[in-house]
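# Descriptive structure summary
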Amino acid sequence: MTENTQVEARVRHPEKAHKPDNPVKRKPSWIRVKAPVSKQYHETRELMRGLNLTTVCEEAACPNIGECWAKKHATMMIMGEICTRACAFCNVSTGKPNALDPFEPFNVATAVKTMGLEHVVITSVDRDDLADGGAQHFAEVIQAIRESSPATTIEILTPDFLKKDGALEIVVKAKPDVFNHNLETVPKLYTTVRPGARYFHSLRLLQQVKELDPTIFTKSGLMVGLGEEKEEVLQVMDDMRVADIDFITIGQYLQPTVKHHGLDRFVTPEEFGVYERQAYAKGFLMVSSSPLTRSSHHAGEDFAKLRAAREKAQAK
């Protein structure tokens with residue numbers, strides 16, 4: 001392999017190389033987080049390395065990694081670290097993925113048991129190259145966790161399984177406790193922010209989960225600061241409620257590099273508070289809305305609140 005070939009192999013986002021630079025804005029005080037240094041953080045990292053597991057915490061450059069890993073919470077990303085999509089906001093590598101690791105379900109289950117997790121979040125890259133989009137692999141990971149840690153509740157954050165007939169049914173049949181699929185942004189921004197996806201397909205996917213198994217909690221998330229208007233965010237909330245989505249997360253978009261989608265603005269904590277109140281008023285069982293909110297941040301604590309909220313609503 002030549003030196004130039006080695007350099008090209010290390011490019012995370014070859015599809016973004018030709019795009020104009022979008023300067024990365026300086027973060028306001030309410031966004032800044034401390035660098036991870038705790039003993040527990042390093043123990044979590046070594047466990048993931050030892051089991052050959054990938055975490056979205058690292059791949060997506062999550063700002064909460066220090067806090068979560070210090071608590072020994074990690075969102076495991078299955079099916080490799082290379083995505084077949086090229087979303088303009090995402091820091092996960094794009095390219096041609098490798099074959100699925102047949103030992104991954106066992107390794108994920110081992111990590112869950114070793115860490116003693118009460119609640120685990122499993123996500124993945126998009127695998128448009130697979131006939132079922134990776135649905136059977138998701139099901140095998142869920143089954144492996146159930147067998148080794150039957151008391152652990154399982155939350156999955158899935159791709160959209162676009163044009164993968166029967167895939168959703170495979171995953172729902174495995175009975176995760178929470179089915180999460182992020183809409184990410186408002187419809188008008190899909191062609192630039194999430195060009196490989198379709199807004200109404202993603203919405204319908206979550207609605208179908210409820211139709212197939214009403215006992216599964218559904219969850220979806222939005223980023224703000226991409227160029228959306230407040231009224232558009234409120235309309236997405238209404239669309240989610242029509243689809244009977246239980247839990248909405250709203251967080252600040254943070255631009256990974258100059259080649260990613262440009263940041264429009266930093267949304268203030270006060271504005272996030274307004275979104276939270278309006279979401280609860282629209283009927284969501286659970287809302288997480290803050291600058292540093294991410295899909296799996298505080299997922300265990302939030303699941304307990306979500307379950308309690310359903311029980312309270314059913315009692316009424």
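Scroll up a little and you will see the structure.
Residues numbered from 1 in each chain as written. Predicted model: local features only at pLDDT ≥ 70, side-chain atom pairs only at ≥ 80, totals over all residues. Heavy atoms only, no water.

### Quick word on the nonpolar core
What counts here: Put simply, a nonpolar core is a bunch of buried Ala, Val, Leu, Ile, Met, Phe, Trp, Tyr and Cys residues held in one set by side-chain atoms that sit within 4.5 Å of each other. Only protein chains enter the calculation, and the probe is 1.4 Å; a residue is then buried if its accessible area is under 20% of its type maximum, exposed if over 50%, and partly exposed in between. Runs of H or I in DSSP of at least four residues are treated as helices and runs of E of at least two as strands, each being numbered from the N terminus.
Ranked by size, the top nonpolar core spans 68 residues in total, and within it I122, I145, F179, M237 and M240 carry the most contacts. Among the elements that take part in this core, helix α6 (residues 135–148) stands out by supplying six residues, more than any other. V178, F217, F247 and F303 belong to the second-largest nonpolar core, a separate cluster that totals six residues.

### Section: the pairing of strand β6 (residues 153–157)
Rules: Between any two strands, pairing holds if DSSP finds at least two bridges. Seen with the strands pointing away from the viewer, any crossover whose path from the first strand over the helix to the second strand runs clockwise is right-handed.
Buried residues dominate β6, accounting for five of its five residues. Neither face of β6 is exposed, since T153, E155 and L157 on one face and I154 and I156 on the opposite face are all buried. Two elements, strand β5 (residues 119–124) and β6, share five bridges in a ladder whose sense is parallel. Looking at β6, one finds that V120 is bridged to I154. As a crossover connection, the stretch from β5 through α6 into β6 is right-handed. The pairing of β6 with strand β7 (residues 178–180) spans three bridges and is parallel. From the neighbouring strand, E155 faces β7, where its bridge partner is V178. Once the chain exits β6 it traverses helix α7 (residues 167–173) before rejoining the sheet at β7, and the crossover so formed is right-handed.

### Here's the deal with unusual backbone geometry
Of note in the backbone geometry, K163 takes a positive phi value of approximately 65° without being a glycine. By the element assignment, K163 lies in the loop between β6 and α7. In the Ramachandran plot, E184 falls in the positive-phi region, its phi being about 75° despite a non-glycine side chain. Among the structural elements, E184 can be located in the loop between β7 and α8 (190–193). Overall, the relative accessible area of 15% leaves E184 in the buried class.

### Describing the pattern of salt bridges
Convention followed: Salt bridges are defined by distance alone: a side-chain nitrogen of Lys or Arg within 4 Å of a carboxyl oxygen of Asp or Glu.
Going through the model one piece at a time under the given rule, you end up with 13 salt bridges. Across the pair E155 and K219 runs a salt bridge, and its minimum N-O distance is 2.7 Å. Linking E155 in strand β6 with K219 in strand β8 (residues 217–224), this pair joins segments that are 64 residues apart in sequence. Exposure class is identical for E155 and K219. Each is buried. When the shortest N-O distance is used, the salt bridge between E232 and K188 registers 3.4 Å. Taken together, the residues E232 in helix α10 (residues 230–242) and K188 in the loop between β7 and α8 connect sequence positions 44 residues apart.

### What to know about helix α12 (residues 299–315)
It helps to recall that an α-helix has 3.6 residues per turn; residues three or four apart then point in one direction. As a reminder of what qualifies: By this rule the span expected of a helix is its residue count minus one, scaled by 1.5 Å. Think of the arc as the fan of directions from the helix axis to the C-beta atoms.
Its 17 residues place the ends of α12 24 Å apart at the C-alpha level, agreeing with the 24 Å of an ideal helix rising 1.5 Å per residue. Those residues of α12 lying buried are A299, D302, F303, L306 and R310. Angularly, the buried residues of α12 cover 105° about the axis, an arc narrow enough to put them on a single face. Summarising the geometry of α12, the exposed residues directed more than 90 degrees from the buried face are K312 and A315.

### Focus on the environment of T114
What counts, and what does not: Whenever a nitrogen or oxygen atom comes within 3.5 Å of another N or O atom, the pair is scored as a polar contact, on the condition that within protein one atom can donate a hydrogen and the other can accept it, and that pairs from neighbouring residues in sequence are kept only if both atoms are in side chains.
Considering the arrangement of structural elements, one finds T114 in helix α5 (residues 104–115). A relative accessible area of 54% means that T114 is categorised as exposed. Along the chain, T114 and S149 lie 35 residues apart, while their C-alpha atoms are 9.8 Å from each other. Reaching out from T114, the side chain makes a polar contact with the backbone oxygen of T110 at a distance of 2.7 Å.

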